[in-house]
Structure formats: structure tokens, C-alpha cells
Amino acid sequence: MTTRFEELDWKPTPIGDISLRRRRDPSSGDDVYEVKLGDEFLMSSLFTEGEIALARLGLAPLAHRPGLDVAVGGLGLGYTAHAALQEPGVRSLIVVDTLGEVIDWHRRGLVPLGTALGSDDRCRLVQGDFFAMVREGRGLDPQAEERLFHAILLDVDHSPRHVLHSSHAALYRPEGLSALSNLLHPGGVFALWSNDPPDDDFASLLASAFQNTAAHVVEFPNPLRGGTSTNTVYVAVKGSTGR
């Protein structure tokens, strides 16, 4: 049992002050981990269904296919990465996060899934700007710039329309989606988490860069507001010969 509220870490970063907090939920008595960027809440361990669904839905088109190499953009509290490692067939996982502070939380065991990710030999945490790596054609693996992946799962921005930094917006345009597609094997999958409802305009852009696309609505209970809330997971499959 922890104290009622603790700030486990706080650091200034190029995109704002980031903090990791742990508090005790008064109704359940469980520890809740929260990440804030400035005054804005980025994520909470109260709401992980969308992050987990990103891995499950993103890897579903590759079911029963062995030897999968997967990349995740955005480490956060680690729920997408952890869920990906539970999926059968995953051979390797690279998780790219722009903030070394977030990676450090996992390595220091400050977050619940840090030990599980750190002890899995298939998983490697990489500090880097996911969006710049795609845009500049550097690839997502600093050790092998031309490496292709079977799946790329992205959970950084609130949605394609509500980005954390203006430099991210280019990824959600035709050129950015095309550059991302080039990092996938034929038949590979790009999956994206969004806090907004399905966006028809973005879905059309996605369909212009990938062969098969879908927007899945993930519903989950919201103990803070009561009732339920939803996230969207976009899944896009690259064609076997390109688009």
C-alpha cells in the first residue's frame, strides 16, 4: 500500500515538463499511475483497454504467422508493448519513445510493467523521435536503418487531428503515411490509437496509402465519469505488392 499521492518523478523536457504520479484509488484501494505533460494528462493506468486493443487489433491480421518483428511508437506506461509481447508469433519488439525520461521510468522499475518489459529478451527500448525517423527515412531501428517490420503500432498523439507537437502532423498526411508504409513488409500492418471517434477524412487518407483499412471503436467503463468511454483503433494492411 502506498501513500495517498506521490510524485514519483518530474523532469523538464523539450516538449514540456513531464511527471509520473502514483495515487491510491479511494474506491478500490489500488495504485493508479498517471503521466502528465505540463498540466495535461497523457495517460492513466485506470484506462488501458485502448492501448491493449491497439496491440491485439493491430496484430490480428497477422495471426498464426510466426517470426513477427514489431515496432511500437510511444512507450508510455507500457501497456501496448506488453500486450504485443503476449501475442503469439512475436519474435522481436522495438519500442521508440522520444523521451529518455519515460524509458528511464521503466528501467528503474517506477512503473508496474517496467520489469516485465526489461526482462523480456525480445524487447528493446529505443530513445528517438518516431516521427522524424519516419520522415527522414532513417527507419525505426538505429542498429539497422533499412529494417522492415511486420507491424507498426503507434500511440503518441491524442488523434490525427490533435497532435502533441506540430511536427507530428505530417505523418497523418499522404506523404507521411506512404513513408510509414515503406517501413513495412508486404502484407504488414499499421495500427493507430486515437482518443477521438472515427474520422472519415483520415480514414480516406489511410485507404489511399494501404490496401485494407478499418476503424474499430473500443468501448470501456469510465469510473471517473460513470458510464463508458471509447477510443478508436485504426488498422491498415499493406498490399502484398506495395500499397
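In what follows, the structure referred to is the one given above.
Reference entry: report on the structure contained in this document.

Rules of the game
- Residues numbered from 1 in each chain as written.
- Predicted model: local features only at pLDDT ≥ 70, side-chain atom pairs only at ≥ 80, totals over all residues.
- Heavy atoms only, no water.
- Helix = DSSP H or I, 4+ residues; strand = E, 2+ residues; numbered from the N terminus.
- Contact = heavy atoms within 4.5 Å.
- Salt bridge = Lys/Arg side-chain N within 4 Å of Asp/Glu carboxyl O.
- Buried < 20%, exposed > 50% of the residue type's maximum accessible area, 1.4 Å probe, protein only.
- Lys, Arg positive; Asp, Glu negative; His and termini not counted.
- Polar contact = N/O pair within 3.5 Å; in protein donor to acceptor, adjacent residues only side chain to side chain.
- Axes fitted to C-alpha atoms, helices over the stretch in contact; angles between N-to-C directions.
- Parallel < 35°, antiparallel > 145°, perpendicular 65-115°, else oblique.
- Left-handed = near helix turned anticlockwise from the far one by under 90°.
- Nonpolar A, V, L, I, M, F, W, Y, C, P; charged D, E, K, R; others polar.
- Core = buried A, V, L, I, M, F, W, Y, C linked by side-chain atoms within 4.5 Å.
- Phe/Tyr/Trp six-rings, centres within 6.5 Å; stacked < 30°, edge-to-face > 60°.
- Lys NZ or Arg CZ within 6 Å of the ring centre and 35° of its normal.
- Pairing = 2+ DSSP bridges.

1. As for the environment of Leu 180
Right, on to step 1. Inspection of the secondary structure assignment puts Leu 180 in helix H6 (residues 174-181).
Right, on to step 2. For the pair formed by Leu 180 and Leu 205, sequence separation is 25 residues and the distance between their alpha carbons is 13 Å.
Right, on to step 3. With near-sequence residues (within four places) excluded, Leu 180 lies in contact with Phe 130, Val 134, Ile 152, Leu 171, Phe 190 and Phe 210.

2. Concerning the pattern of salt bridges
Where charged atoms of side chains with opposite charge meet at close range, the side chains can pair.
Right, on to step 1. Within this structure, the stated rule accounts for 14 salt bridges.
Right, on to step 2. Here Asp 69 ties to Arg 91 by a salt bridge, and the two come within 2.7 Å at their closest N and O atoms. Highlighted residues: Asp 69 in strand E5 (residues 68-73) and Arg 91 in strand E6 (residues 90-97), separated in sequence by 22 residues.
Right, on to step 3. A residue is classified by how much of its surface remains accessible, and Asp 69, at 8% relative accessible area, is buried.
Right, on to step 4. Several salt bridges share partner residues, and in doing so they unite Asp 69, Arg 91, Arg 124, Asp 141 and Arg 147 into one network.

3. Points about the side chain of Asp 97
Right, on to step 1. For Asp 97, the location among the structural elements is in strand E6.
Right, on to step 2. Buried charge without a salt bridge: Asp 97, with Arg 107 as the nearest opposite-charge side chain at an N-O distance of 11 Å.
Right, on to step 3. In this structure the side chain of Asp 97 is engaged in a polar contact, spanning 2.9 Å, whose partner is the backbone nitrogen of Leu 99.

4. Notes on the packing of H6 against helix H7 (residues 200-209)
Right, on to step 1. Relative orientation of the contacting elements H6 and H7 amounts to 45 degrees, with a least axis distance of 9 Å. Viewed along their axes, H6 and H7 adopt a mutual orientation that is oblique. Once H6 is placed against H7, the crossing between them reads as right-handed. Where H6 abuts H7, its residues Pro 174, Leu 177, Ser 178 and Ser 181 lie against Phe 202, Leu 205, Leu 206 and Ala 209.
Right, on to step 2. Along the lines of polarity and charge, the residues of the contact of H6 with H7 split into six nonpolar, two polar and no charged.

5. Concerning the nonpolar core
One recurring pattern in soluble globular proteins is that nonpolar side chains are buried together.
Right, on to step 1. Leu 20, Val 70, Leu 93, Val 95, Trp 105 and Leu 153 are the most contacted members of the largest nonpolar core, which has 41 residues in total.
Right, on to step 2. Every residue in contact with Leu 20, bar those within four places of it in the chain, is listed here: Glu 6, Glu 7, Leu 8, Asp 9, Tyr 33, Glu 34, Val 35, Leu 77, Trp 105, Leu 110 and Val 111.
Right, on to step 3. If you look at the next biggest cluster of nonpolar residues, it comprises 26 residues, including Ala 71, Phe 149, Leu 180 and Tyr 234.

6. Thoughts on the packing of aromatic side chains
Right, on to step 1. Per the counting criterion, the structure on display carries six aromatic pairs.
Right, on to step 2. Where Phe 47 meets Phe 220, the ring centres are 6.0 Å apart and the plane angle is 55 degrees; that geometry is what we call tilted. Residue Phe 47 is found in the loop between strand E4 (40-44) and helix H1 (49-59), and its partner Phe 220 is found in strand E10 (residues 212-221); the two are separated by 173 residues along the sequence.
Right, on to step 3. Of the residues examined, Phe 220 reaches a relative accessible area of 6% and is grouped as buried.
Right, on to step 4. Through a chain of ring-to-ring contacts, the aromatic side chains of Phe 130, Phe 131, Tyr 172, Phe 202 and Tyr 234 assemble into a single cluster.
Right, on to step 5. Lying over the aromatic face of Phe 41, Lys 36 brings its terminal NZ or CZ to 4.9 Å of the ring centre.

7. Examining the sheet that holds strand E7 (residues 123-127)
Right, on to step 1. Taken in spatial order, the seven strands make up an open sheet running E7-E6-E5-E8-E9-E11-E10, and their pairing is mixed. Edge positions in the open sheet fall to E7 and E10, since each of these has one partner strand only. On average, each strand axis in the sheet is tilted by 20 degrees relative to the strand beside it, whichever way the strands run.
Right, on to step 2. Bridge count for E5 against E6 is six bridges, and the pairing is parallel. By the bridge assignment, Ala 71 is partnered in E6 with Ile 94.
Right, on to step 3. Along the sheet face, helix H2 (residues 79-86) touches E5, E6, E7 and strand E8 (149-154) and points at about 170 degrees away from the line of E6.
Right, on to step 4. Against the sheet, H7 contacts strand E9 (184-194), E10 and strand E11 (228-237), and its axis sits at roughly 20 degrees relative to E11.

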